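# Architecture and fold: a report
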Amino acid sequence: MKLICSKVNLLYGVNIAIKAVPTRTTMPILECILIDASGESIKLIANDMELGIETVIEGTIEEPGIIALDAKIFSEIVRKLPDNDIIITSDEKLKTTILCEKAKFNIIGKSGEDFSYLPDIEKNQPVSITQFTLKEVIRQTIFSIADNDTNKLMTGELFEIHENKLKVVSLDGHRISIRNIELKQSCEDKKVIVPGKALQEISKILPGSSEEFVDIFITDNHIIFEFERTTVVSRLIDGEYFKIEQMVSSAYETKIRIKKRELLECIDRATLLVKEGDKKPIIMDITDTSMELQISSVIGSMDENIEIEKEGGDIMIGFNPKFFIDALRVIDEEEITLYMVNAKAPCYIRDDHDNYVYLILPVNFNSAAR
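What this report covers is the structure whose coordinates are included nearby. (Residues numbered from 1 in each chain as written. Predicted model: local features only at pLDDT ≥ 70, side-chain atom pairs only at ≥ 80, totals over all residues. Heavy atoms only, no water.)

### A short note on the sheet that holds strand β17 (residues 282-286)
Strand order in the open sheet made by the four strands is β19-β18-β17-β21, with antiparallel pairing throughout. Each edge of the open sheet is held by one strand with a lone partner, namely β19 (301-307) and β21 (315-319). With direction set aside, neighbouring strand axes in the sheet form an average angle of 20°. Both β17 and strand β18 (residues 290-296) contribute to a ladder of four bridges, which runs antiparallel. Note that in β18 the partner of Ile283 across the bridge is Gln294. Its contacts with the sheet place helix α6 (residues 260-270) against β17, β18 and β19, and it is angled at close to 175° to β19. (Pairing = 2+ DSSP bridges. Helix = DSSP H or I, 4+ residues; strand = E, 2+ residues; numbered from the N terminus. Axes fitted to C-alpha atoms, helices over the stretch in contact; angles between N-to-C directions. Contact = heavy atoms within 4.5 Å.)

What follows is the structure, given as structure tokens:
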């Protein structure tokens, strides 16, 4: 094999493919990036058997061939080479030479025949959304997936398609995030659970253009994302997702309109008094025209008042401050609406059209903690 491509193009492709290289594996071949120059294009492929990525880069194939190279070593070499054309050659003994200007590396590759290519999946009608929209939807929901495997369903996100609507849901037992997207066309109804890891990696490599689209294909076992010259394939999580409709209510006793940035900055300031690992609630004491926020810890205490518009009764309620901060940071509106029932019931942050809904469970507190 012999190919020539610019450092910019090669590094761009390597940085995309390496997202599917596992950090730990008992199969050394999975620690590699496959360079497939056997056809008319140069493909870089990585696959950890749960997530697979294939991306095509610009370059010249002088001699066709395939070689698998250790991803960590290969990416470091490419990253530190001069900004010029890179020549990669390999022989029948898998000896690979990487040449750029005066720099020359010789490394031993692995046979491409041992590599696990992306599964060959029959694609149905795609669901198409802009790169920007998909990137935003992931950003606005991914923070509330569970970070452990105690309940595998919680480590993924629900993608539910009904006619021309896409609903994306995540939850971790303490909060729920929901984003509703209107699609440009009606699609076959689907309801699948996509691993959070796959969505996090897709978000990192998506350029985020508001004009370029991502085509999403869903099968019984896989979801495929195609954008520009990159294909990402992920296995789905088996199981029946939680009945979200039964968890989310539109009933409320207190409705509050508040400036998002002011609330976010106030809660953020309050957390200065909370040591990492401490579970100190932020207490919201809501009366006619103001919300008093209070926090108390071994370090000290803080209270601050924010002006609000309120409908309904007064309420005093406590929350994990991190959960509120996470939700507020991904909402783009200048003003938000909070809906509450009582001190034991969830708080909802939602817009008038239910484009987003964030449910946060309250925490218990006692007057001595105030």
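That was the structure; now back to the text.
### Observations regarding the packing of helix α1 (residues 7-17) against helix α2 (residues 71-80)
Interhelical geometry of α1 versus α2 gives an angle of 150° and a closest axis separation of 10 Å. Taken together, α1 and α2 sit at an angle that is classed as roughly antiparallel. Taken as a pair, α1 and α2 cross one another with a handedness that is left-handed. Along its contact with α1, which presents Lys7, Leu10, Leu11 and Val14, the element α2 presents Phe74, Ser75, Val78 and Arg79. (Parallel < 35°, antiparallel > 145°, perpendicular 65-115°, else oblique. Left-handed = near helix turned anticlockwise from the far one by under 90°.)

### Brief notes about helix α3 (residues 131-139)
Residues spaced three or four apart along an α-helix face the same direction, because each turn holds 3.6 residues. Of the residues making up α3, those classed as buried are Gln131, Leu134, Glu136, Val137 and Ile138. Looking at the buried side of α3, the elements it contacts are β10 (127-130), β11 (156-171), β12 (175-195), α4 (196-205), β13 (213-218) and β14 (222-227). (Buried < 20%, exposed > 50% of the residue type's maximum accessible area, 1.4 Å probe, protein only.)

### A few points about the environment of Met340
Positionally, Met340 belongs in strand β22 (residues 335-340). Classification of Met340 as buried rests on a relative accessible area of 0%. Considered as a pair, Met340 and Ile315 are 25 residues apart in the sequence and their alpha carbons are 8.3 Å apart. When residues no more than four places from it in sequence are discounted, the contact partners of Met340 are Tyr252, Glu253, Thr254, Ile256, Met284, Ile286, Ile315, Ile317, Phe319, Pro346 and Cys347.

### Focus on the layout of surface pockets
Its volume calculated, the largest pocket comes out at about 700 Å³. Lining the largest pocket are 24 residues, and of these His174, Lys279, Asn320, Lys322 and Phe323 sit closest to its centre. Sort the elements by how many residues they give to the lining of the largest pocket and helix α7 (residues 321-329) lands first, with three residues. Of the residues contributing to the lining of the largest pocket, the split by class is 10 nonpolar, five polar and nine charged. (1 Å grid on protein atoms, 1.4 Å probe; cavity = no way out; pocket = protein on both sides within 12 Å on 5 of 7 lines; lining within 4 Å. Points joined across faces, edges and corners; volume = space filled by probe spheres on them. Nonpolar A, V, L, I, M, F, W, Y, C, P; charged D, E, K, R; others polar.)

### A few points about the pairing of strand β15 (residues 230-235)
Here β15 lies mainly inside the structure; five of its six residues are buried. In terms of strand pairing, strand β4 (residues 51-57) meets β15 through five bridges, oriented antiparallel. If you follow Leu51 over to β15, its bridge partner there is Ser234. In this sheet, β15 lies alongside β14 in antiparallel orientation, the contact comprising six bridges. Pairing of His222 across the sheet is with Arg235, part of β15.

### Some points on the sheet that holds strand β3 (residues 42-47)
The strand order across the open sheet formed by eight strands is β6-β2-β3-β4-β15-β14-β13-β10, and the pairing between neighbours is antiparallel. Looking at strand neighbours, the two that pair on one side only are β6 (65-70) and β10, the edges of this open sheet. Between one strand axis and the next, the sheet turns by 20° as a mean value, whatever way the strands run. In the packing of α1 onto the sheet, the strands contacted are β2 (32-37), β3, β4 and β15, and the crossing angle to β4 comes to about 170°.

Remember, this is a structural readout, not a statement about activity or role.
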